[in-house]
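Close look at the chain arrangement
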There are 2 protein chains.
Amino acid sequence: MRAIDRRAMLLASAGLGLSAWAGDLAHAQSDALPSWNDGATRKSITDFVARVTTQGGTDFVPPDQRIATFDNDGTLWIEQPMYVQLAFILDRVKALAPQNPSWATTQPFKAVLDGDMQALAASGEKGLVELMAVTHAGMTNDEFAKIVSDWLASARDHRFKRPYTELVYQPMLELLAYLRANGFKTFIVSGGGIEFMRPWTEKVYGIPPEQVVGSSIKTRFEMRDGRPLLFRLPEINFIDDKTGKPIGINEHIGRRPIAAFGNSDGDLEMLQWTTLGGGVRFGLIVHHTDAEREYAYDRQSHFGKLDKALDAAAVNRWTVVDMKRDWKRVFAFQ
Amino acid sequence: MRAIDRRAMLLASAGLGLSAWAGDLAHAQSDALPSWNDGATRKSITDFVARVTTQGGTDFVPPDQRIATFDNDGTLWIEQPMYVQLAFILDRVKALAPQNPSWATTQPFKAVLDGDMQALAASGEKGLVELMAVTHAGMTNDEFAKIVSDWLASARDHRFKRPYTELVYQPMLELLAYLRANGFKTFIVSGGGIEFMRPWTEKVYGIPPEQVVGSSIKTRFEMRDGRPLLFRLPEINFIDDKTGKPIGINEHIGRRPIAAFGNSDGDLEMLQWTTLGGGVRFGLIVHHTDAEREYAYDRQSHFGKLDKALDAAAVNRWTVVDMKRDWKRVFAFQ
């Protein structure tokens, strides 16, 4: 994706002449968000981009400082009826059960194998950590990437009967491309597992592995038969959620974003960190209001709860996307 | 730097015609390493770059996978007679001493104030951690960046009477630029503090903050008077040295480099991780052999000890730079 983008930029610059290219791309690209309805939401995005990219303007931001961070679950792809990574965990436990006969009688594994979501919920965080350990650790990073890729190739969402990588929001894909065409560097900053995302984010979002920030477990470096490897350990390294998001952003990116995109309370601190430090900044929350084309949920949801951040959006003048009103379509296939 | 590089590329492409630009840049740039003497060392670099950038060649690597990682201390800038970051610590303790009268009689502070390096060494790792805590923690990240920048603007190396940011190796600056001109993305992967490097690496090396990997302490997210900040805590987060280097590379970059550059045993695992996973790969060690223009040290050195990695270089056919023989000059001012 990146190589193609760069070539496209070069071709465009040759065709338009360099001065035109270096000018106000934002205006030339006002049709770059075809799945967004006209209105205040869309305008807030294009106005912000025009302000920070207009050379000589008081709000101009040099390209190398145009950092934009995106949450993943519920912001770029679906997170209902459960996080995709949780669906992966449940499937992996079922796949590994034949080699682990004791799981048939031991919680939390029994709950997964019986499809007993109440018993699973009752196992709490301790149960989830046990499930993470057997599904995410005990193999090399390369092996884990292959497990994730193989699973994504075959798994289907129950409602839409589609691979999860097709359940990405078309308007957000257009937004990512629009920002990159305007010199932004786009990052994912997700509570999800960093190595659960990296095998597919470049293909699906155009975001390379080095621009993915997420939660992680510890790894150990080993030489095995003369070959170096990283072995995944059943121990939390970093939780990239809530206050962890600005910390993860700082550790990986080392400067503040000028735009941040989220959909839940887990994104509150990222939005604060991005928008409340001074200068023209942009915050956006995807509000899931469309039960027909996708889902409708906010303050009471188990996954992607949006409560405090929705109140903060009003106070801080962050853009709130009303999915039903603002998006012409949710998924590319619709 | 990056914005300028990009514009330079565009101008070059307009002048040369796109097809010429997209062709074999490596050949066009054979004069890109003017401070390197002709010989096997220089040739090993240009041969590698030609192989991985020749479109249609069996060893071609797409640009997005051309990741190159560089150690900092002793590889890009000076590390004798002590790490620059240690000189910073000693200076900061002296600067903060008037507000901390008890330090005059308490180790390890007394040792620093007396210039008693033997007593300082005797305080061991525990002493160093105490010195780190008072000089690197207890302020916001933004405040720390300013402290580092101010110090670098005024501090001078005792032997060369120059700012430390001028004590960077001119041949390595050329190498960084040469790799970037050939589509590589260059990263720093250093045992030094990530926030000690980020304030100046873009200006000095053309490497932006998001491409700096280093050791870190923990931070805490806070809202203070309605403004978000990251407060630095006296607690180690990550040590980016030895086996930590491949772990840090994986966490920040998420794919293996195809070229790695180091100078000491702290770089051994980074070089293994980069070069021993299959494919055409490049490893290089800067061997400090030039006491006249810089320093000569290796197996017995306190800082930048090069012992195991020098043996491994022979076994694994990594390029070893003989500074005295291979470099026309060490620093730009020479």
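Everything here concerns the structure above.
The present account deals with the structure reproduced in this document. Since this is a predicted model, take the numbers as computed values, not measurements.

Along the backbone of chain A there are 15 helices and eight strands. Taking all 334 residues of chain A together, the buried fraction comes to 56%. Taking as baseline every contact in chain A between residues at least 6 positions apart, the subset at least 24 positions apart corresponds to 66%. Put simply, chain A shows about 14,300 Å² of open surface, and 54% of that area lies on carbon and sulfur atoms. Of note, chain A has its 39 positive side-chain charges centred 3 Å away from the centre of its 41 negative side-chain charges.

Quick look at the relation of the copies chain A and chain B now. Mapping chain A onto chain B leaves a residual RMSD of 0.0 Å; the transformation is a rotation of 180 degrees accompanied by 0.0 Å of translation along its axis. Interpreted geometrically, this transformation is the action of a two-fold axis. With an isologous cut-off of 70% or more, the 98% of interface residues of chain A that recur at the interface of chain B puts this contact in the isologous class.

The next subject is the pattern of salt bridges. Throughout the structure, instances matching the rule amount to 42 salt bridges over all chains. Two residues, E210 of chain A and K185 of chain B, come together in a salt bridge whose shortest N-O distance is 2.9 Å. Of the two residues, E210 of chain A sits in the loop between α11 (194–205) and β3 (212–224) while K185 of chain B sits in strand β2 (residues 185–193), which places them in two different chains. A single burial state applies to E210 of chain A and to K185 of chain B, both of which are buried. For D47 of chain B, the salt bridge identified is with K43 of chain B, shortest N-O distance 2.7 Å. Taken together, the positions of D47 of chain B and K43 of chain B, both in helix α4 (residues 40–53) and four residues apart, correspond to about one turn of that helix. Judged by its relative accessible area of 49%, K43 of chain B is partly exposed. Taken together, the shared-partner salt bridges connect D64, K185 and R255 of chain A together with E202 and E210 of chain B into one network.

Now for the packing of aromatic side chains. All names here are of chain A. Here the structure, examined in full by the defined rule, presents 38 aromatic pairs over all chains. Three or more aromatic residues joined by ring pairs form one cluster here, namely W36, F160, Y169, W327, F331 and F333. The ring of F144 is capped by R232, whose NZ or CZ atom sits 4.1 Å from the centre of that ring.

This next bit is on the interface of chain A and chain B. Taken together, the 51 residues of chain A in the interface contact 50 residues of chain B. Overall, the association of chain A and chain B removes approximately 4,100 Å² of surface from exposure, summing both partners, and the carbon and sulfur fraction of that is 56%. Inspection of the chain A/chain B interface yields eight salt bridges. The shortest N-O distance in the salt bridge between E202 of chain B and R255 of chain A comes to 3.3 Å. Inspection of the chain A/chain B interface yields 24 residue pairs in polar contact (both at pLDDT 80 or more). Ranked by the residues each element gives to the side of chain A that touches chain B, the list is headed by helix α1 (residues 2–16) of chain A, at seven residues. Looking at the side of chain A that touches chain B residue by residue, the class counts come to 22 nonpolar, 14 polar and 15 charged.

Our focus in this paragraph is helix α15 (residues 308–316) of chain B. Residue and element names in this part refer to chain B. Of the positions making up α15, those classed as buried are A309, L310, A312 and A313. The arc enclosing the buried residues of α15, seen along the axis, measures out at 160 degrees, which places them on a common side. Of the exposed residues in α15, those oriented more than 90 degrees away from the buried face are K308, A314 and V315. The inward-facing, buried residues of α15 abut α14 (268–275), β6 (282–289) and β8 (319–322). In the stretch just after α15, R317 is the one whose phi turns positive, near 60 degrees.

The next thing to look at is the environment of N250 of chain B. Within the element layout of this structure, N250 of chain B appears in helix α13 (residues 244–252). Sequence spacing of N250 of chain B and W273 of chain B is 23 residues, and the spatial spacing of their C-alpha atoms is 10.0 Å. Apart from residues lying up to four places away in sequence, N250 of chain B is in contact with N141, E195, R198 and L230 of chain A.

All names here are of chain B. Within β2, eight of the nine residues are buried, leaving the element largely enclosed by the surrounding structure. In the sheet, strand β1 (residues 67–70) pairs with β2 via four bridges, with the strands oriented parallel. Counted as the bridge partner of F70 is I188 from β2. Alignment of β2 against strand β3 (residues 212–224), held across three bridges, turns out to be parallel.

With that settled, consider the packing of helix α5 (residues 84–96) of chain B against helix α9 (residues 141–154) of chain B. All names here are of chain B. Relative orientation of the contacting elements α5 and α9 amounts to 100 degrees, with a least axis distance of 11 Å. When the axis of α5 is compared with that of α9, the two are roughly perpendicular. Here V84, A87, F88, D91 and R92 of α5 come into contact with α9, specifically with F144, I147, V148 and W151.

Mapped onto the fold, D225 of chain A is located in the loop between β3 and β4 (227–238). C-alpha of D225 of chain A to C-alpha of A153 of chain A: the two residues are 72 residues apart in sequence and 31 Å apart in space.

Our focus in this paragraph is the environment of F144 of chain A. Checked against the element boundaries, F144 of chain A lands in helix α9 (residues 141–154). Along the chain, F144 of chain A and I188 of chain A lie 44 residues apart, while their C-alpha atoms are 20 Å from each other.

Let us now look at the side chain of Q85 of chain A. Residue and element names in this part refer to chain A. With respect to the helices, strands and loops of the structure, Q85 is situated in helix α5 (residues 84–96). Overall, the relative accessible area of 14% leaves Q85 in the buried class. At 2.9 Å, the side chain of Q85 and the side chain of H136 are in polar contact. Among residues more than four places away in sequence, those in contact with Q85 are H136, G192, G193 and F196.

Helical geometry note: an α-helix holds 3.6 residues per turn, so side chains three or four residues apart project in the same direction. Residues and elements named next belong to chain B. Look at α5: 18 Å from first C-alpha to last across 13 residues, which is about the 18 Å you get at 1.5 Å a residue. Those residues of α5 that fall on the buried side of the exposure criterion are V84, Q85, L86, A87, F88, I89, L90, R92, V93 and L96. Buried residues along α5 sit against α6 (109–114), α7 (117–122), α8 (124–136), α9, β2 and α11 (194–197).

A separate point is the nonpolar core. In this structure, M172, L175, Y205 and F261 of chain A are the most contacted members of the largest nonpolar core, which totals 69 residues. With eight residues, α5 of chain A is the largest single contributor of residues to this core. Those residues within four positions of Y205 of chain A in sequence are excluded, and the remaining contacts are N72, L76, W77, V168, L173, L176, R180, I188 and W200 of chain A. Of all hydrophobic cores here, the second largest spans 68 residues; its members include F70, W77, I194 and W327 of chain B.

This next bit is on the pairing of strand β5 (residues 259–262) of chain A. Residue and element names in this part refer to chain A. Because side chains alternate across β5, one face comprises the buried residues A259 and F261, and the other comprises A260 and G262, equally buried. The pairing of β5 with strand β6 (residues 282–289) spans four bridges and is parallel. If you follow F261 over to β6, its bridge partner there is L284.

A word on unusual backbone geometry. The peptide bond linking Q80 of chain B to P81 of chain B adopts the cis configuration, its omega dihedral lying at 0 degrees. Secondary-structure assignment places P81 of chain B in the loop between β1 and α5. The residue after Q107 of chain B, namely P108 of chain B, is reached through a cis peptide bond having omega 5 degrees. Relative to the helices and strands, P108 of chain B resides in the loop between α5 and α6. For K242 of chain A, which is not glycine, the phi dihedral falls at a positive 50 degrees. Within the fold, K242 of chain A resides in the loop between β4 and α12 (244–252). Here the phi dihedral of D225 of chain B falls at roughly 50 degrees; this positive angle occurs in a residue that is not glycine. Exposure remark for D225 of chain B: the relative accessible area of 78% places this residue in the exposed category.

Rules used throughout
Residues numbered from 1 in each chain as written. Chains lettered and ligands numbered in written order. Predicted model: local features only at pLDDT ≥ 70, side-chain atom pairs only at ≥ 80, totals over all residues. Heavy atoms only, no water. Helix = DSSP H or I, 4+ residues; strand = E, 2+ residues; numbered from the N terminus. Buried < 20%, exposed > 50% of the residue type's maximum accessible area, 1.4 Å probe, protein only. Contact = heavy atoms within 4.5 Å. Areas by Shrake-Rupley, 256 points an atom, 1.4 Å probe, with all protein chains shown as cover. Lys, Arg positive; Asp, Glu negative; His and termini not counted. Charge placed at Lys NZ, Arg CZ, Asp CG, Glu CD. Least-squares fit on C-alpha atoms with pLDDT ≥ 70 in both. Salt bridge = Lys/Arg side-chain N within 4 Å of Asp/Glu carboxyl O. Phe/Tyr/Trp six-rings, centres within 6.5 Å; stacked < 30°, edge-to-face > 60°. Lys NZ or Arg CZ within 6 Å of the ring centre and 35° of its normal. Buried area = accessible area lost by both parts, 1.4 Å probe. Polar contact = N/O pair within 3.5 Å; in protein donor to acceptor, adjacent residues only side chain to side chain. Nonpolar A, V, L, I, M, F, W, Y, C, P; charged D, E, K, R; others polar. Arc of directions from axis to C-beta. Pairing = 2+ DSSP bridges. Axes fitted to C-alpha atoms, helices over the stretch in contact; angles between N-to-C directions. Parallel < 35°, antiparallel > 145°, perpendicular 65-115°, else oblique. Expected span 1.5 Å × (residues − 1). Core = buried A, V, L, I, M, F, W, Y, C linked by side-chain atoms within 4.5 Å.

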